[in-house]
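The lines below spell out each chain.
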Amino acid sequence: MGEKHYRAKAPLRIGLVGGGTDVNPYASQKGGMVFNTTINKYAYCTITPTGDSSMSIHSTDYGKYEAPLDGGPLPLDGNMDLIKAVTNHFNITDGFKMFLQSEAPPGSGLGGSSAVIVSIIAAVCEWKGIRMTGDEMASLAFKLEREDIGLKGGKQDQYTAVFGGFNVMRFSQDWVDVNRVRVDEDTVNELQYRSVLCYTGTSRESADVIDSQVKKFATGQNEAALDAAKALVRPMSDALSKGDINLAGKYLDESWQLKKQFSDKITNPKIDQLYNAAKEAGAIGGKVSGAGGGGFMYFICRYDTKYSVEKALYKLGAKVTDFAFEPNGVISWSYPNDD
């Protein structure tokens, strides 16, 4: 038996209302606000020290990669950049093996890449005995993913993966404020009973959707819709706090109608077909999770129509996914290496 495994898992998320307002330049100019929650689908990172001076990566989504760790900063060239950016930041020269696994495919709209980098940071901290606050970890993940690597997206995903649970998040150019929304256990259980999460069958490149949204904001074409979506954050979070799931579902539907105005790439005939079929079968409201264009869709249903909604989506080729709401954010631990 060798040295320990150092492992971390970070939850994926469903954006409920306000997603898109956390994307710059809107967030820095007007202030973004979102309401989101985490689910029991995770990105996992396992680090096993090797005693040499190289790293060996195995990702279930992106394959394998090896590199020496004694030649200075690793180049951020589009190949395993999430791992390389974290390795560079912590100046890691001790050799290691890393195994990465995510329970949602790339382009899912569930904040997968941010959950991956949060899990990597947390596993490195577990390995090296580094203590970071939640704000510090989320801020670092945002800096590495969005600024150093240049992956396009908003500010919510990294903070959601770190903090977990139901949260209202506010964003400006210089700060992020995370406020836990108190949703009682009965309401969470009822919302779980009435929720449907399905995979549309196609992933999407979020950068294309975000580029389109940013260009429309620059010309004033979607500013009113972004403002209106942001204004729904407090009403929807209040509805769930008070246990009014029907009202929350109506706000979800309203937010989807606004989100489609952010960019011409948010929806497509397939997504519209799925949404309309779900509504006809008894969904109160729903949306595409993430930037849009594909990935996962989330619906809130009347209590007696969930099965009908799932059946309607299945008939159109969507894959319904079992899930539960996850109240916790990223966690890490160590375990004896029994290889």
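For the structure, check the block above.
Residues numbered from 1 in each chain as written. Predicted model: local features only at pLDDT ≥ 70, side-chain atom pairs only at ≥ 80, totals over all residues. Heavy atoms only, no water.

### Let's talk about unusual backbone geometry
Part 1 of the reasoning: Between Asn24 and Pro25 the backbone carries a cis peptide bond, its omega angle lying at 10°.
Part 2 of the reasoning: Position of Pro25 relative to the elements: it lies in the loop between strand 1 (2-17) and helix 1 (26-30).
Part 3 of the reasoning: For Asn91, which is not a glycine, the phi torsion comes out positive at approximately 50°.
Part 4 of the reasoning: For Asn91, the position within the fold is in the loop between helix 2 (81-89) and strand 5 (96-102). (Helix = DSSP H or I, 4+ residues; strand = E, 2+ residues; numbered from the N terminus.)

### Considering the pattern of salt bridges
Part 1 of the reasoning: One pass over the full model with this rule turns up 14 salt bridges.
Part 2 of the reasoning: The salt bridge partner of Arg146 is Asp157, with a shortest N-O separation of 3.9 Å. Of the two residues, Arg146 is situated in helix 4 (residues 134-148) and Asp157 in helix 5 (residues 156-163); the sequence distance between them amounts to 11 residues. As far as burial versus exposure is concerned, Arg146 and Asp157 are alike and both buried.
Part 3 of the reasoning: Residues joined by salt bridges that share partners form a network here, namely Arg13, Glu145, Arg146 and Asp157. (Salt bridge = Lys/Arg side-chain N within 4 Å of Asp/Glu carboxyl O. Buried < 20%, exposed > 50% of the residue type's maximum accessible area, 1.4 Å probe, protein only.)

### Comments concerning the side chain of Ser289
Part 1 of the reasoning: Among the structural elements, Ser289 can be located in the loop between strand 9 (283-288) and strand 10 (296-301).
Part 2 of the reasoning: What Ser289 contacts, discounting residues up to four positions off in sequence, is Arg13, Ile14, Gly15, Ser108, Gly109, Leu110, Gly294, Phe296 and Met297. (Contact = heavy atoms within 4.5 Å.)

### Focus: the nonpolar core
Part 1 of the reasoning: Among the nonpolar cores identified, the biggest contains 109 residues, and Ile120, Ile121, Phe166, Tyr298 and Phe299 are the most heavily contacted of them.
Part 2 of the reasoning: Here the element with the most residues in this core is helix 3 (residues 112-128); it accounts for 11 residues.
Part 3 of the reasoning: Ignoring any residue separated from it by four or fewer positions in sequence, one finds Ile120 in contact with Cys45, Leu82, Ile83, Val86, Met98 and Leu100. (Core = buried A, V, L, I, M, F, W, Y, C linked by side-chain atoms within 4.5 Å.)

### A closer look at the pairing of strand 3 (residues 54-59)
Part 1 of the reasoning: Covered by surrounding structure in strand 3 are Met55, Ile57 and Ser59 only, the residues Ser54, Ser56 and His58 on the alternate face being uncovered.
Part 2 of the reasoning: Both strand 3 and strand 4 (residues 63-68) contribute to a ladder of six bridges, which runs antiparallel. Among the inter-strand pairings, Ser56 is bridged to a residue of strand 4, identified as Glu66.
Part 3 of the reasoning: The antiparallel hairpin formed by strand 3 and strand 4 contains three residues in its connecting segment.
Part 4 of the reasoning: Summarising the sheet, strand 3 and strand 5 pair through five bridges and their orientation is parallel. Residue pairing in the sheet places Met55 in a bridge with Phe96 of strand 5. (Pairing = 2+ DSSP bridges.)

### Quick word on the sheet that holds strand 10
What holds strands together in a sheet is hydrogen bonding between their backbones, with the strands either parallel or antiparallel.
Part 1 of the reasoning: Taking strand neighbours across the sheet as the criterion, the four strands line up as 9-10-8-11 in an open arrangement whose pairing is antiparallel. The open sheet terminates on both sides in strands that have one partner only, identified here as strand 9 and strand 11 (319-320).
Part 2 of the reasoning: Of the strands in this sheet, strand 9 and strand 10 touch helix 11 (residues 269-281), which is tilted by about 160° from strand 9. (Axes fitted to C-alpha atoms, helices over the stretch in contact; angles between N-to-C directions.)

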